[in-house]
Structures are given as structure tokens and as C-alpha cells.
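Residue strings, one per chain:
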Amino acid sequence: MANSQNRLFAEGDQTAYNIKIEAFEGPLDLLLHLIKKSEVDICNIPIATVTRQYLEYIELMKELNLDIAGDFLVMASTLIQIKSKMLLPASNDDEAVEEDEEDPRAELVRRLLEYQKYKEAAMTLGGRELLGRDTFARKFEAPELKSLQPEEESLEIELFELIEAFRRVLAKVPVQSFHEVGAESISIADRINDILTLLQGKEAVTFDELFAEGGTRELLIASFLAILELCKLKMVKVVQAASFGTILIMPAVPEGEEGLTEDAVGPGRY
Amino acid sequence: MDPAGIKSVVESLLFVSDVPLTLDRLCSILEEFERGEILSAIDELKRDCNQPARGIFLAEIAGGFQLRSRPENADYLRRLSRIRFAKFSHSSLETLAIIAYRQPVTRAEIEYLRGVDSGGVLKTLLDKKLIRILGKKDIPGKPLIYGTTREFLETFNLKDLASLPTLKEIQELAEPDLYEEQGKLPLDEGGER
């Protein structure tokens, strides 16, 4: 606490301000700070004092022409609401109900304690020996290797990227003005077969290639569902070297995972 | 086989590899060795590297093993190639901590816990690949749910998520001095000054 910059309220408590706005991550952080400063039990916050200090702080932010985030104002109104609730005399007529009634501060206290927990966790996290800050390893970024590593979970990550890519393909197809009424039925099974034929003997096919022939939106949608189905059946692998990069569809060779990785490292590397 | 031999083989592999090598991967490469032998070679290497004169240590990262530079030497290493070294703001650390401990978690849950809008931070963390979208939560509005990635483990020097200190442990570390402050102040202040 020797660092006076971090002090919101100096010893004089209400008069001397020495603040550093960035020090507070949000209203909860500010509240925690105020409570610590006044050295009170977090479970028994003197709501009037803390509310006053909190409002003074917001006032100060205004004076300094800082944009007050809405979150700070929401908290201010919460504090005032709690304060007014506590001023109301407890109703005596129904004692059973009264016992169930919570201290109006309870929810706030819970949030503060919870926040404090994660704030401390964040500090522990930041104190670790971070790669790229405290410790270094051989070429950390190896996306091309990483994406080719057999990883069961990787599909989950790709799904959203896959949908995004599909959206882009779909956007290329003009919304057709209809001239033919009969519905063309394209089965997903047909598209699965088409895709498998396309993949035959090839190492990989790009996502865009699958849709190269163009076609109706129905066809595209059937193709997309076919790819998802093939992924589910573990018959193809969908990989992407970099985000927003080309998405590759490759036949999944069950026992060939090692072969794949080796291919990726590739000739000419040694 | 010669135990000194396998240790040096493992060291070479770890030295050359770009990514943390899992025990399974090592076993499949070193098929002529027993799993136990490989494990004890790793243990020995770990001990060797722990000597203060060494510039590297063997870290257990994201389920694998990787040789990394000693944190004590960080200042010098940063000069090596003007590496833009990782920096984390309070808000990203806070958000990361919440996601790491509470995953799968929605943006609304994160914002409730932090008390501030977290859209920007989430985007940055997604861009840095420290977190990822796990899917959608099956509640009205189908909000996206977030979780941490393998890169998160690699960056924060973690073997797995379970090796994060538990929130309870963190609290136990932090709490005593909180009580001390409250309990002792009225009594001790006079005496100490």
C-alpha cells in the first residue's frame, strides 16, 4: 500500500483523492477496494458509508471527464436500493415471513466474495511462469503441425469455423428467382457418396472445391450436412491450418495417423 | 538397454520437437523401450535439468513434456529476437480465471461475476486462442459457452486443468491475513508503533 497512486482515499478519507482509475476493473473491484480501505468485515458492510464513498468516486470520475461505464451506475443504484431497504423498519406483523427475509446486503456480499475469489485466482494465474514472458520454448507456434495432430476434440473447434465457411459459400450463390416449381430432391446420402468419390485417391480436398460446381442452395445445404455426417462417422477429417485459412477435408485413415504427421513434416525438411 | 542411452534419446527428441511430446507419442517413437523405462528417463532428465547451472527445465505441459528456458533468464531471452512477449491485462486474467474455473461458462455468467461488460476481453482471448467456443447452452437464447484451450495450458505452464490451484486453496492462502488485519488491528496497533 506504499504506492500512493493506488490509493483511492488517503488517510484523510474524504478529502484527499489520489486515484488511478485504471486500477479498478469494475464496480465490484471498486467496492472491494472501498471495503478493504475502511477495514470492515465484508459480511457486514456499513452500507451508508460505502455508498457515500462509492458515489463520491463516481462524482470524481465525472469531474475528470471520464466516461462512466454503465456498469458503475447500475451498481450505484443497487447500493442506494440496499441502503433504502435497510432504512425501512422491519415489518412486525408476520414473523414467519420475516425470518425468511434475507439481509438486503446478502446478494451483494455473495457477489463480492465470489468476485474476490476470482480476482485472487487471476493474480495466481498471472504469477505463473508464462510461456513467452518468463519462459520460452522452441518455436511455440506450430499451427501446421498442430492442426495435423490426431486430436479427437479438434472437430468441436472446427464446427463453428465450418459453419462460417459454409455461410461464405452460401453468400456466393445468388438467391434465385424461381422459374421451376417442382422441388429438386437431393439426398444427403447421394452427397456423401459424391464427396467420397471426390476424395478418392486424393490426400485432401479444400472446402471450396466441394462446392466448386456451384448449384442450388439445397445442394449446398445437403453437401454441408453430408460433411458433418461424414465427420460424425469418422470417415473424413476436417482440418484448418490457421484461423480463417483454407479448410481441408481429408479421408480419415484409421491407422494412418502417424503417416499423416510424417507427411506433414514432409520431405526437404531435414 | 543402456539407461544412459535412452535418457539421451529422450532428451534429443524433446530438444528437437516443436510441441510438447506426450508419453504416448514418445512410447510410439521409442517402440524398442518399455513405457516404464521412458518414464524413468524423463524423471532423470527432469532432475538433471533442475540443477541451477542448467538453462532449461523439463516442463509438463498440456499432458506432454517440453524443454523450456529457465524463467530466471527471461530478461536475456527477451533480447534474443525482440520476441513480443506475452502480456496480460487484469481484465483478461480475471476473465481467463473465471473461464478456467467455471467452464463451460456463458458470457452472461462471466459478466455477472465480474460486474462489467466482457465482450471485448472475450474477443481478444478468442483471437489469442486461449479460449474457445465449446458450443451452445441449452437454455433460452442458446448462448455460446466458452472453455479454455490447449494453448491456455501451454501458455500458463500447466500440465492439465486439474493442476490449477483450487479456488479453495487460493482462498486459504489469502484469508488468514484478512482475518489478521481485522482481528489484530485494534490490539496490536498501539504496541507496534
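Residues numbered from 1 in each chain as written. Chains lettered and ligands numbered in written order. Predicted model: local features only at pLDDT ≥ 70, side-chain atom pairs only at ≥ 80, totals over all residues. Heavy atoms only, no water.

Engineer: What is the right way to look at the overall build of chain A in this model?
Structural biologist: On a plain count of helices and strands, chain A comes out with eleven helices and three strands. Reading the helices (α) and strands (β) of chain A from amino to carboxyl end gives α-α-α-α-α-α-α-α-β-α-α-β-β-α. Partitioning the contacts of chain A with sequence separation of at least 6, the portion at a separation of at least 24 is 61%. (Helix = DSSP H or I, 4+ residues; strand = E, 2+ residues; numbered from the N terminus. Contact = heavy atoms within 4.5 Å.)

Engineer: Which parts of the structure should I look at to understand the overall build of chain B?
Structural biologist: Assigned secondary structure in chain B consists of nine helices and six strands. Expressed as a percentage of contacts within chain B between residues at least 6 apart in sequence, the contacts between residues at least 24 apart total 46%.

Engineer: Even after reading the chapter, I still don't get the side chain of Arg 111 of chain A, so can you show me in this structure?
Structural biologist: Within the fold, Arg 111 of chain A resides in helix α5 (residues 106-126). We note that Arg 111 of chain A is buried and unpaired, the nearest opposite charge coming from Glu 107 of chain A at a distance of 5.2 Å. Each residue touching Arg 111 of chain A, except ones within four places of it in the same chain, is listed here: Leu 28 of chain A together with Glu 111, Tyr 112 and Gly 115 of chain B. (Buried < 20%, exposed > 50% of the residue type's maximum accessible area, 1.4 Å probe, protein only. Lys, Arg positive; Asp, Glu negative; His and termini not counted. Salt bridge = Lys/Arg side-chain N within 4 Å of Asp/Glu carboxyl O.)

Engineer: Help me out: how do you make sense of the sheet that holds strand β3 (residues 247-251) of chain A in this one?
Structural biologist: Each strand in a sheet pairs with its neighbour through backbone hydrogen bonds, running either in the same direction (parallel) or in the opposite one (antiparallel). Residue and element names in this part refer to chain A. Within the open sheet, the three strands sit side by side as β1-β3-β2. Their pairing is antiparallel. Single-partner strands in this sheet number two, and they are β1 (205-206) and β2 (236-240). Bridge count between β2 and β3: five bridges; the pairing is antiparallel. Within β3, the residue paired with Lys 237 across the bridge is Met 250. Relative to β3, helix α8 (residues 188-199) is tilted by about 85°, and along the sheet it contacts β1, β2 and β3. (Pairing = 2+ DSSP bridges. Axes fitted to C-alpha atoms, helices over the stretch in contact; angles between N-to-C directions.)

Engineer: Help me out: how do you make sense of the packing of aromatic side chains in this one?
Structural biologist: The full count for this structure, using the stated rule, is three aromatic pairs over all chains. Summarising the aromatic geometry, the rings of Phe 88 of chain B and Phe 156 of chain B are spaced 5.2 Å apart at their centres and angled 45° between planes, so their arrangement reads as tilted. Here the residue Phe 88 of chain B occupies a position in the loop between α4 (74-80) and α5 (90-102), and Phe 156 of chain B occupies one in the loop between α8 (150-155) and α9 (167-192), the gap between them amounting to 68 residues. On the accessibility criterion, Phe 156 of chain B (0% relative accessible area) is buried. Note on Phe 152 of chain B and Phe 156 of chain B: the rings are 5.1 Å apart at their centroids and 35° apart in plane angle, and the pair reads as tilted. Residue classification places Phe 152 of chain B among the buried residues on the basis of a relative accessible area of 0%. These aromatic residues form a ring-pair network of at least three members: Phe 88, Phe 152 and Phe 156 of chain B. One Lys or Arg, Arg 111 of chain A, reaches over the ring of Tyr 112 of chain B and ends 4.2 Å from the middle of that ring. (Phe/Tyr/Trp six-rings, centres within 6.5 Å; stacked < 30°, edge-to-face > 60°. Lys NZ or Arg CZ within 6 Å of the ring centre and 35° of its normal.)

Engineer: What exactly am I supposed to notice about the side chain of Gln 66 of chain B here?
Structural biologist: Inspection of the secondary structure assignment puts Gln 66 of chain B in strand β3 (residues 64-69). Among the polar contacts made by the side chain of Gln 66 of chain B, one reaches the side chain of Arg 68 of chain B at a distance of 3.0 Å. (Polar contact = N/O pair within 3.5 Å; in protein donor to acceptor, adjacent residues only side chain to side chain.)

Engineer: Even after reading the chapter, I still don't get the confidence of the model for chain A, so can you show me in this structure?
Structural biologist: Detailed reading of the predicted model is not advised wherever pLDDT is low. Residues and elements named next belong to chain A. In the predicted model, chain A carries a mean pLDDT of 71, and 63% of its residues have values of at least 70. With pLDDT under 50 throughout, residues 1-20 is counted as low confidence; its partners more than four residues away or in other chains account for 36 contacts. Here residues 140-157 is a poorly scored stretch, pLDDT under 50, and it has 30 contacts once near neighbours within four places are set aside; other chains count. (pLDDT = per-residue confidence, 0-100.)

Engineer: Got a minute to help me understand unusual backbone geometry in this structure?
Structural biologist: Leave glycine aside and you will find that most residues have negative phi; peptide bonds, for their part, are mostly trans. Geometrically, the link from Gln 103 of chain B to Pro 104 of chain B is a cis peptide bond, its omega value of -5° lying close to zero. Its place among the elements puts Pro 104 of chain B in the loop between α5 and β4 (105-106). Phi is positive for Glu 39 of chain A, close to 50°, though the residue is something other than glycine. By the secondary structure assignment, Glu 39 of chain A is in the loop between α1 (27-37) and α2 (47-63).

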